[in-house]
Amino acid sequence: MVMKRNSALILALICCFASVCFAQAPTRKLPQNINRPTINVSAPFISLDGSTLLFTSDYAEDNVPTVYYASKVGPDWQDPVALPKHINTLLNFMKGYTLSADGKTIYITSIKSGGVGGFDIWSGSLKGNSWGDLQNMYAPINSRLHEGSPTFTPDGATMYFMRCEKMDAQKAERCKIMVTKKAANGRWEEPAELPAHINTGNSQTPRISADGSVLIFSSNAMKPSKGGMDLYVSRLVNGEWSNPEAMDFVNTEKDDQFVSSISNGRYLLKDAPGKFKSEIIEYLVPEPWRPRAVMKVEGQILGQNGMPIPAYISVTDLATHKRFFSGRPDKEGNYFLYLTQGSKYELSIDPEESHLTFYSKMFDMTVEESPLVQKVNTVLKPVGVGDMLELDGIQFKPYTAEPDDVGFEIQRLSRLIKSSPQLNFELQVSLIGYQEDSTRSHPDLTEISIDSVIIQLDDIDTLGQLYSRDSLIVKTTYHNNRTEKQALALLEQLTASGVDRSSLTYSVHLKPEAIPENRKTLVRLLAKRKN
């Protein structure tokens, strides 16, 4: 009996330990090179891609609050450094700073000379390891009133900010939250006020989520309230902002105002009293208030000589069959874009010149966790003997051999083959996750193979004599090997598009896979020497 009780106790402890280890912590502290026990730190603003952090610290001459900057290398925050004096000035609205999604542009709220009205929004870019001169954003963003604390969607095309009737270095009063979008010519449109149920008299410091669906802001003119400036959240539903809800999991009787979050929106960064000094804490956001996660895809597109090459970038939403993004790399060949949780996407990179290779990659954003950033560097070059192209964009409709070419991968493939008449090509279709059974135990087992075996049986005739006779045994196997049908279907589509069938061959490959999530069909193209 004692052994049974001990075993039960051990099992309970293991279960408890597992639940603690695998559950998300309700709060997390930033590392000690940021949260120092002898220094007050507050007002954290982190870039959406999680690479850059700004915060206020009293670690300065005469303990004057100073804005610090820290960057992340791998999983680790580097030691923070004070922003230069042309940014850290007494003319700023303290803690009214923000960052672009990639952390390479800073926005401050300042009454420095050269502005439009009172406090204005200014921006400065990170060049190498130094911040450049600040530039006023001018009208229609800045006005004769006071503007500050801008926040941007990842593409930089939508901005929310506050416009106030009164502001000094410490506080602002009678503020409204404004929104503006960039027009096709790159200029900001005339800002518009958010609706009255958000702008109730003093709404400040907006923070828009990466997917654009969740707005967090502060106010001391809303109910319920714990006192001072409290944090509220509103969701964009069918184009309308919902009634704000108090974020009581972080609100206190004091001012709660300056917060931020990375692109997955899972944790909210906020300052809080520590054992000795104030420190920066990550608070787990309740599920109803979390936005959809957003992943940044960035990379560089180069030619065979290592130089930038003209190309077209497109992303197709495979669920809606609609174009999600289109663009081109910059003059250095760099590009970036953002994918939103909840769908599957195909990224395609196409060269201007038809004889060069193309690139495609699938992204599954329906999974629970996605990285904040994924790098995709590509070299586009003339196709040569031995080159293998991964045709990630070619998929097949579930449980069939019918191509599901939402992203026009076959069209790209046809273009490449027709522009390379000096080569032959082998289309390779590989099934990772071959399965079979004696019954159709799964919808994926669409194929049937029948094997017959003749065996000899001993039997007794009507006269009681022993003799041998042949017997035919038929064995039926259900399986999911559609690779040959899939290869032939692709060859048929390529031929229909004008490709010379004599330049094409195919091969198929099978491999078992025990883990269901790893099962897939891969299509590749091998360039071969012309016979």
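Attention in this report is confined to the structure presented alongside it. Quick caveat: nothing in here was measured; it's all calculated off a predicted structure.

As a rule of thumb, non-glycine residues mostly have phi less than zero, and peptide bonds are mostly trans rather than cis. That bond from Ala139 to Pro140 is cis: its omega, 5°, falls within 30 degrees of zero. Locating Pro140 in the fold gives a position in the loop between β11 (135-136) and β12 (146-152). Backbone torsion omega between Lys223 and Pro224 reads 0°, so that peptide bond is classified as cis. Following the sequence through the fold, Pro224 ends up in the loop between β17 (214-219) and β18 (230-237).

What the 4 strands build is an open sheet, ordered β31-β37-β32-β36; its pairing is mixed. Looking at strand neighbours, the two that pair on one side only are β31 (388-390) and β36 (504-511), the edges of this open sheet. The sheet shows a mean angle of 20° between the axes of neighbouring strands, direction not considered. Inspection of the sheet shows β31 paired to strand β37 (residues 520-529) by 3 bridges, in the antiparallel sense. Its bridge partner lying in β37, Glu390 is registered against Arg524. The sheet strands contacting helix α3 (residues 483-496) are β32 (423-432), β36 and β37, and the helix crosses β36 at an angle near 155°.

Turning to the side chain of Thr477, a few remarks are in order. The topology assignment puts Thr477 in strand β35 (residues 466-479). Overall, Thr477 belongs to the buried group, its relative accessible area being 10%. Apart from residues lying up to four places away in sequence, Thr477 is in contact with Glu436, Asp437, Glu447, Ile448 and Ser449.

Space inside the largest pocket adds up to approximately 1600 Å³. Looking at the largest pocket, it is lined by 50 residues, and the ones nearest its centre are Ile394, Gln395, Arg519, Lys520 and Thr521. Of all the secondary structure elements, the ones that give two or more residues to the lining of the largest pocket are β27 (344-351), β28 (359-364), β30 (378-380), β31, β32 and β37. A total of 6 residues in the lining of the largest pocket trace back to one element, the largest contributor, which is β28. Its residues assigned to classes, the lining of the largest pocket shows 19 nonpolar, 16 polar and 15 charged. What the second largest pocket holds in volume is close to 990 Å³. Looking at the second largest pocket, it is lined by 37 residues, and the ones nearest its centre are Thr153, Pro154, Asp155, Gly156 and Thr158. Secondary-structure elements contributing two or more residues to the lining of the second largest pocket are β8 (105-110), β13 (158-167), β14 (172-181), β25 (322-327) and β26 (334-340). Ranked by the residues each element gives to the lining of the second largest pocket, the list is headed by β26, at 4 residues. Taken together, the residues that form the lining of the second largest pocket break down as 18 nonpolar, 12 polar and 7 charged.

Overall, the coordinates contain 1 disulfide when judged by the stated rule. Through a disulfide, Cys164 is tied to Cys175; the S-S separation comes to 2.1 Å. Its torsion about the S-S bond being 110°, the disulfide of Cys164 and Cys175 is classed as right-handed. On the criterion of sequence distance, the pair formed by Cys164 in strand β13 and Cys175 in strand β14 is long-range, its members being 11 residues apart. Take Cys164 and Cys175: they sit in the same class, and that class is buried.

Procedures and definitions
- Position labels on residues start from 1 in each chain and follow its written sequence.
- Given that the model is predicted, a residue must reach a pLDDT of at least 70 before its local features are reported, and side-chain atom pairs must reach 80 or more before they are shown or counted; all residues, however, enter totals for whole chains, interfaces and linings.
- Derived side-chain values reflect all non-hydrogen atoms in the structure, with water molecules and hydrogen atoms excluded from consideration.
- Here a strand is any run of E in DSSP of at least two residues, a helix any run of H or I of at least four, and the numbering for each starts at the N terminus.
- Whether two strands pair depends on DSSP finding at least two bridges between them.
- Comment: axis = line fitted to C-alpha atoms, over the contacting stretch for helices; angle = value between 0 and 180 degrees taken between N-to-C directions.
- Between two residues, a contact is recorded if the distance between any of their heavy atoms is within 4.5 Å.
- Categorising residues by exposure relies on relative accessible area from a 1.4 Å probe, with only protein chains included: less than 20% of the type maximum marks a residue as buried, more than 50% marks it as exposed, and the intermediate range marks it as partly exposed.
- Here a cavity means grid points, on a 1 Å grid over the protein atoms only, where a 1.4 Å probe fits yet cannot get out; a pocket means an open set of points with protein on both sides within 12 Å along at least five of seven lines; lining residues are those with an atom within 4 Å of a point.
- Grid points are joined across faces, edges and corners, and a volume is the space filled by probe spheres set on the points.
- Lys, Arg, Asp and Glu make up the charged group, whereas Ala, Val, Leu, Ile, Met, Phe, Trp, Tyr, Cys and Pro make up the nonpolar group; the residues left over, Gly among them, are polar.
- Sulfur atoms of two cysteines make up a disulfide when they are within 2.5 Å.

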